[in-house]
Amino acid sequence: MKSSIEVPTPTKRRRWRSLARLALLVVLGGLICGGILLSRSPAVQTFLAQRKIDGVISDYKVVLHTQSLIVARLEEFSRAASALRAQPSDHALAAATAAWLKAREQWHPAKAFAFGPNAFYDFDKRIASWPIDRPMIEHSLSRMAAGELQLDSGFLRRKINSTQRGFYAAEYLLFREGKPRRAADLRPAELLYLDAVAKAMLAEAVNKAESLATRVASQKALEHLVGALPEMIGGA
C-alpha cells in the first residue's frame, strides 16, 4: 500500500527555500524603510536627543556625587594633617591616619571612572601614583631640613613629580611596616611635607570636581543644540 503523503522533490525544496528567503528580505526591507522614515520624524528625533542628554547628565551626576565625597574626605584629611603639624601628638597622628584611611576608602570607587567621561583629568595619576619615589622624597626632606627647599602644596603640584605626592606619599609619612608611626618620630620636615601633600591632594580633587561640573553644563548645552539642529535647518 502506497503512502498518500507527497515527498517534496529536491527541486521543490530549493524553490520553497528561495521563496522563504525572498519573503524574509521583503519583511526586513519594510522594517528598515519604516525605521528610516520613523527616525526622520521631528518628534522621534527630539525624543532620542532628550534621552541622550538625560543619559549623559545621569552618568555625570554619579561621577560628580562620587567626586564630591572624595573632596569631603580630603578636606578632613587636610585639616587633620594641618592640626598634626601645628601640635604634634599621638592623638593628632591617630586622627590624621584615620582621616587618610577614610579618604583612601572613598577614593576607590572613583577608580571605576578611569574610562569614559571622567578619564580626561587623569585623576588617578595626580593623586595616587605608584610606586612612590622614596629616595627623592627623602632627598626633599633633607633639603627642607637644611633650609634649602621651601615646599608647599603649590610647589608640589607644579614642580614635584606625582610619584612624590598623593596617597602613597602620605602613607609613607604616616605609617611604617603597616602601622601608624609615633608622633615623636616625625621630623618637622615630614610634618610640613605631609601637610603640603594633603593640601595638594585636596586642590586636585576640587579642581577635578569643578572641571566635571563645567563639562556637564557644556555637554548639556551641546546636546541641546544638536537636538535642535533639524528644526533650525528646516526653518532656514
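It should be emphasised that the depicted structure is a prediction, and the values quoted were computed from it without experimental measurement. (Residues numbered from 1 in each chain as written. Predicted model: local features only at pLDDT ≥ 70, side-chain atom pairs only at ≥ 80, totals over all residues. Heavy atoms only, no water.)

1. Some words on the pattern of salt bridges
Logical step 1: A full pass over the atoms with the stated rule returns twelve salt bridges.
Logical step 2: A salt bridge links arginine 126 to glutamate 204; the shortest N-O distance between them is 3.7 Å. A residue pair is termed long-range when its members are at least 10 positions apart, and arginine 126 in helix α4 (residues 123–128) and glutamate 204 in helix α8 (residues 188–235) qualify at 78 residues.
Logical step 3: For arginine 126, a relative accessible area of 34% puts it in the partly exposed group.
Logical step 4: Because the salt bridges share partners, they merge into one network encompassing Glu138, Arg176, Arg181, Arg187 and Glu190. (Salt bridge = Lys/Arg side-chain N within 4 Å of Asp/Glu carboxyl O. Helix = DSSP H or I, 4+ residues; strand = E, 2+ residues; numbered from the N terminus. Buried < 20%, exposed > 50% of the residue type's maximum accessible area, 1.4 Å probe, protein only.)

2. Structural notes on the confidence of the model for the protein chain
Logical step 1: For the protein chain, the mean per-residue pLDDT works out to 79, and 65% of the residues sit at or above 70.
Logical step 2: Within the protein chain, no element has a lower average pLDDT than helix α1 (residues 10–39), which sits at 63, and none a higher one than helix α7 (residues 167–174), at 97. (pLDDT = per-residue confidence, 0-100.)

3. Concerning the nonpolar core
Logical step 1: Ranked by size, the top nonpolar core spans 47 residues in total, and within it Leu74, Phe77, Leu84, Phe167, Leu174 and Tyr193 carry the most contacts.
Logical step 2: Of all elements in the fold, only α2 (42–86), α3 (90–107), α4, α5 (134–145), α7 and α8 reach the threshold of two or more residues within this core.
Logical step 3: Looking at this core, the element that brings in the most residues is α8, giving eleven residues.
Logical step 4: Not counting chain neighbours up to four residues away, the residues in contact with leucine 84 comprise Ser89, Ala92, Leu93, Ala96, Leu174, Leu186, Leu191 and Leu194. (Core = buried A, V, L, I, M, F, W, Y, C linked by side-chain atoms within 4.5 Å. Contact = heavy atoms within 4.5 Å.)

4. Here we look at the side chain of glutamate 190
Logical step 1: Note that glutamate 190 resides in helix α8.
Logical step 2: With relative accessibility at 1%, the residue glutamate 190 sits in the buried group.
Logical step 3: In contact with glutamate 190, not counting residues within four places along its chain, are Leu141, Leu173, Arg176, Arg181 and Asp185.

5. Side note on unusual backbone geometry
The phi torsion of most residues other than glycine is negative, and most of the peptide bonds are trans.
Logical step 1: A cis amide bond, omega 0°, links tryptophan 130 with the succeeding residue proline 131.
Logical step 2: In this fold, proline 131 is placed in the loop between α4 and α5.
Logical step 3: The phi dihedral of glutamate 177 is positive, around 55°, even though this residue is not glycine.
Logical step 4: Structurally, the position occupied by glutamate 177 is in the loop between β1 (175–176) and β2 (179–180).

6. What about the packing of α3 against α7?
Logical step 1: Packing of α3 against α7 brings their axes to within 11 Å, and their N-to-C directions diverge by 155°. Between α3 and α7, the interaxial angle falls into the category roughly antiparallel. The chirality of how α3 crosses α7 is left-handed. Between α3 and α7, the contacting residues are Leu93, Ala96, Thr97, Trp100, Ala103, Arg104 and Trp107 on the first element and Phe167, Tyr168, Ala170, Glu171 and Leu174 on the second.
Logical step 2: For the contact of α3 with α7, the per-class residue count stands at nine nonpolar, one polar and two charged. (Axes fitted to C-alpha atoms, helices over the stretch in contact; angles between N-to-C directions. Parallel < 35°, antiparallel > 145°, perpendicular 65-115°, else oblique. Left-handed = near helix turned anticlockwise from the far one by under 90°. Nonpolar A, V, L, I, M, F, W, Y, C, P; charged D, E, K, R; others polar.)

7. Structural notes on the side chain of threonine 66
Logical step 1: Position of threonine 66 among the secondary structure elements: in helix α2.
Logical step 2: Aside from chain neighbours lying at most four places away, what touches threonine 66 is Gln106, Pro109, Ala110 and Phe113.

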